[in-house]
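A closer look at the structure
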Amino acid sequence: MLLFLLTQLSRRKNPPPSISAASHRLFSTSDTPSNLRSKYPFHPPPSLHQTPTKTRPESKPTKKPKPQYKPPSSLDRSGKNPVRSTLPFDFRFSYTESSQVVRPIGLREPKYSPFGPDRVDRVWTGVCAPVVNPKVRSVDEEKVELNLEEKRRRTRDKIQGVPLSNAERIALVERFQRHKTKRQINIGRDGLTHNMLNDIHNHWKHDEAVRIKCMGVPTVDMKNVCTQLEDKTFGKIIQRHGGLLILYRGRNYHPRKRPVIPLMLWKPQEPIYPRLIKTTIEGLSIDETKEMRKRGLAVPALTRLAKNGYYGSLVPMVRDAFLMEELIRIDCKGLEKSDYKKIGCKLRDLVPCKLVTFEKEQIVIWRGNDYKPNEGGIFLTEREQYDDRTDSESAVKGEQHDSIGGNDNKPYERGIVLTERERESIVNHADSSSSLNGEEHDNTDNHPSQIDLYSGDDSDK
């Protein structure tokens, strides 16, 4: 028992070291001296615990970087006055596809100008930017329009100058054929747009003329396209073959004095117009309208329109068909819905006719009970002649004078060299024409009545 008590007392005096105490001694950060310093004397350098006496030299001020060069932009009008244009016509998005007669019944968006805010000194009405402010326009609107027409005519005559002679026109047309130059402006479904005027003047900066190709909807009324081109650009068309035009700038045109044409930054939203197809056709009941629409879709198609094709012969074709048929269907498969709606609207005004339906990508039109086709104004030949008659008559008189004077009308004496094959073809052509003239002379002498009877058939053929 005594032995047990002694062992307990000895254990209390010297308790076993715990793990926490050992770790505390190992990882202690206290300022108590360590035995390692006595065994391994180490004196730290003074720079580690003393502040440096010398101060750093003052750094030089850094230069500000130069601003990056930014070329001047014509679209940036901040701090500048609005663009002022002296062009004597209203600015529209499209000059061929928008009519001044038809008034919209509403707008799809507020009257935001497509030229940008405060860039043009004209007010945007939602449809156009008129040359005369609508708020300041006088009561006599016809007088204002007449003044603008007269101003356009005088400006165009001043730029055009003396008309081109036939030789100059032919030489200029030859320079701008497809095999000579690839420069060309394409007029598509939107027609002659406002920004195309700037493109035409950019072409005129380098050449005297520009080639323009018309495709799609605007070609239904090519006369309107030609009129608007000459009216808005002050140029002159010197050749037209189908939808291909060559527009001449004029003798007195100066690129540095070109008119100021502010560019449209975006396409304005088209306003809301009255419906083309109504519930009932005018003059018919509901049942008769349904029956006519069903019958119109079953009629054989007059023609099929190709996408981005040339539709210059469509109106004469429809007028001729209305002489025999009451309903006409035009196949428009593959065309955009807006395209054949515009074509139907043009046919309604030019033929004229009444629209029946646009279902199943078809245009069905009815001539009406009191059909009377418009006379003239739309019939254009495939290729028009722009030669000056006075110039051609003087040339003919000059050739006749040369032949009388002993020139014998020889090509080589006028600077034209012909090959043997061309000479043989000219001789053969002269022989055949002389023989035909002899036969016609015999026929007229022997049977004059037969010529009178069948002259109409021969001319039709």
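Only a predicted model underlies this, so the values are computations on that prediction, with no experimental measurement involved.

**Quick look at the packing of aromatic side chains**
Taken as a whole, this structure holds 7 aromatic pairs when the rule is applied. When the ring of F89 is compared with that of F91, the centres are 5.9 Å apart and the planes differ by 75 degrees; the resulting orientation is edge-to-face. What makes F89 buried here is its relative accessible area of 3%. Relative to W124, the ring of F115 has its centre 6.4 Å away and its plane inclined at 75 degrees; by these criteria the two rings are edge-to-face. Per residue, the accessibility class of F115 equals that of W124, and both read buried. Taken together, the ring pairs connect F89, F91, Y95, F115 and W124 into an aromatic cluster. The side chain of R122 reaches across the aromatic face of F91, ending 3.8 Å from its centre.

**Comments concerning the environment of E361**
Turning to its location among the elements, E361 is positioned in the loop between β9 (354-357) and β10 (362-366). Relative accessible area serves as the criterion here: at 33%, E361 is assigned to the partly exposed category. Separated by 24 residues in sequence, E361 and K337 have C-alpha atoms that sit 7.5 Å apart. If sequence neighbours within four positions are ignored, E361 has contacts with I330, D331, C332, K333, G334 and Y340. A distance of 3.5 Å separates a polar side-chain atom of E361 from the backbone nitrogen of G334.

**So, the side chain of T233**
Its location among the elements puts T233 in helix α8 (residues 222-233). Looking at T233, the relative accessible area reads 2%, which means it is buried. For T233, the side chain forms a polar contact with the main-chain oxygen of L229, separated by 2.4 Å. If we ignore the near neighbours within four places in the chain, the residues touching T233 are L197, I200, H201, W204 and L247.

**Here's the deal with the nonpolar core**
Counting residues in hydrophobic clusters, the biggest one holds 30 residues, and the most contacted among them are I200, I212, L229, L245 and L247. Among the secondary structure elements, those contributing two or more residues to this core are β3 (185-187), α7 (194-204), β4 (209-214), α8 and β6 (244-248). The residues contacting I200, other than those within four sequence positions of it, are I185, V210, I212, L229, T233 and L247. Grouped together as the second largest cluster of nonpolar side chains are 25 residues, L335, Y340, L350 and Y371 included.

**Let's talk about the sheet that holds strand β8 (residues 327-331)**
In spatial order, the strands read β7-β8-β10-β9; together these 4 strands make up an open sheet with mixed pairing. Single-partner strands in this sheet number two, and they are β7 (301-304) and β9. Sheet twist, expressed as the mean angle between neighbouring strand axes with direction ignored, is 30 degrees. For β8 and β10, the ladder comprises 5 bridges, and the chain directions are antiparallel. Bridge pairing in β10 links I328 to I365.

**Quick word on a nonpolar patch on the surface**
Together, Y112, L265 and W266 give the surface a local cluster of nonpolar side chains, amounting to about 330 Å² of exposed area. Looking at the secondary structure, you find W266 in the loop between β6 and α9 (286-298).

**Some details on helix α6 (residues 166-175)**
Buried within α6 we find N166, R169, L172 and V173. Seen along its axis, α6 keeps its buried residues to an arc of 130 degrees; they face one direction.

**What about helix α11 (residues 337-350)?**
Counting along an α-helix, one turn takes 3.6 residues, and residues three or four places apart therefore face a common direction. In this model α11 runs 20 Å from its N-terminal to its C-terminal C-alpha over 14 residues, within 8% of the 20 Å that 1.5 Å per residue would give. Among the residues making up α11, those that are buried are D339, Y340, I343, G344, K346, L347 and L350. Within α11, the buried residues cover an arc of 160 degrees as seen down the axis, which keeps them to one side.

**Focus: the pairing of β10**
A large share of β10 lies buried, amounting to 5 of its 5 residues. Residues Q362, V364 and W366 line one face of β10 and the alternating positions I363 and I365 line the opposite face, and both faces are buried. Where β9 lies against β10, 3 bridges are found, and the strand directions are antiparallel. Bridging across to β10, L355 finds its partner in I365. Adjacent in sequence and paired antiparallel, β9 and β10 are bridged by 4 residues, among which K360 carries a positive phi angle near 55 degrees.

**Overview of the pairing of strand β5 (residues 236-241)**
A regular strand places its side chains so that they alternate between the two faces of the sheet. Bridge analysis of β5 against β6 gives 5 bridges, and the strand direction is antiparallel. In the strand pairing of β6, K236 is matched with Y248. What sits between the antiparallel neighbours β5 and β6 is a turn of 2 residues, in which G242 has the positive phi angle 65 degrees.

**What to know about the environment of M264**
Secondary-structure assignment places M264 in the loop between β6 and α9. Of the residues examined, M264 reaches a relative accessible area of 8% and is grouped as buried. Taking the C-alpha atoms as reference, M264 lies 7.7 Å from G116; in sequence the two are 148 residues apart. Apart from the residues lying within four places of it in its own chain, the contact partners of M264 are R92, F93, P114, F115, W124, H194 and N195.

**Focus: the pattern of salt bridges**
Scanning all chains against the criterion turns up 17 salt bridges. Two residues, D231 and R152, come together in a salt bridge whose shortest N-O distance is 2.9 Å. Here D231, found in helix α8, pairs with R152, found in helix α5 (residues 141-160); they are 79 residues apart in sequence, far enough to count as distant. The structure contains a network of salt bridges with shared partners spanning E149, R152, D231 and K232.

Rules used in this analysis
Residues numbered from 1 in each chain as written. Predicted model: local features only at pLDDT ≥ 70, side-chain atom pairs only at ≥ 80, totals over all residues. Heavy atoms only, no water. Phe/Tyr/Trp six-rings, centres within 6.5 Å; stacked < 30°, edge-to-face > 60°. Buried < 20%, exposed > 50% of the residue type's maximum accessible area, 1.4 Å probe, protein only. Lys NZ or Arg CZ within 6 Å of the ring centre and 35° of its normal. Helix = DSSP H or I, 4+ residues; strand = E, 2+ residues; numbered from the N terminus. Contact = heavy atoms within 4.5 Å. Polar contact = N/O pair within 3.5 Å; in protein donor to acceptor, adjacent residues only side chain to side chain. Core = buried A, V, L, I, M, F, W, Y, C linked by side-chain atoms within 4.5 Å. Pairing = 2+ DSSP bridges. Axes fitted to C-alpha atoms, helices over the stretch in contact; angles between N-to-C directions. Patch = residues over 30% accessible without salt bridge, like charges linked within 9 Å, V, L, I, M, F, W, Y side chains within 5 Å. Areas by Shrake-Rupley, 256 points an atom, 1.4 Å probe, with all protein chains shown as cover. Salt bridge = Lys/Arg side-chain N within 4 Å of Asp/Glu carboxyl O. Arc of directions from axis to C-beta. Expected span 1.5 Å × (residues − 1).

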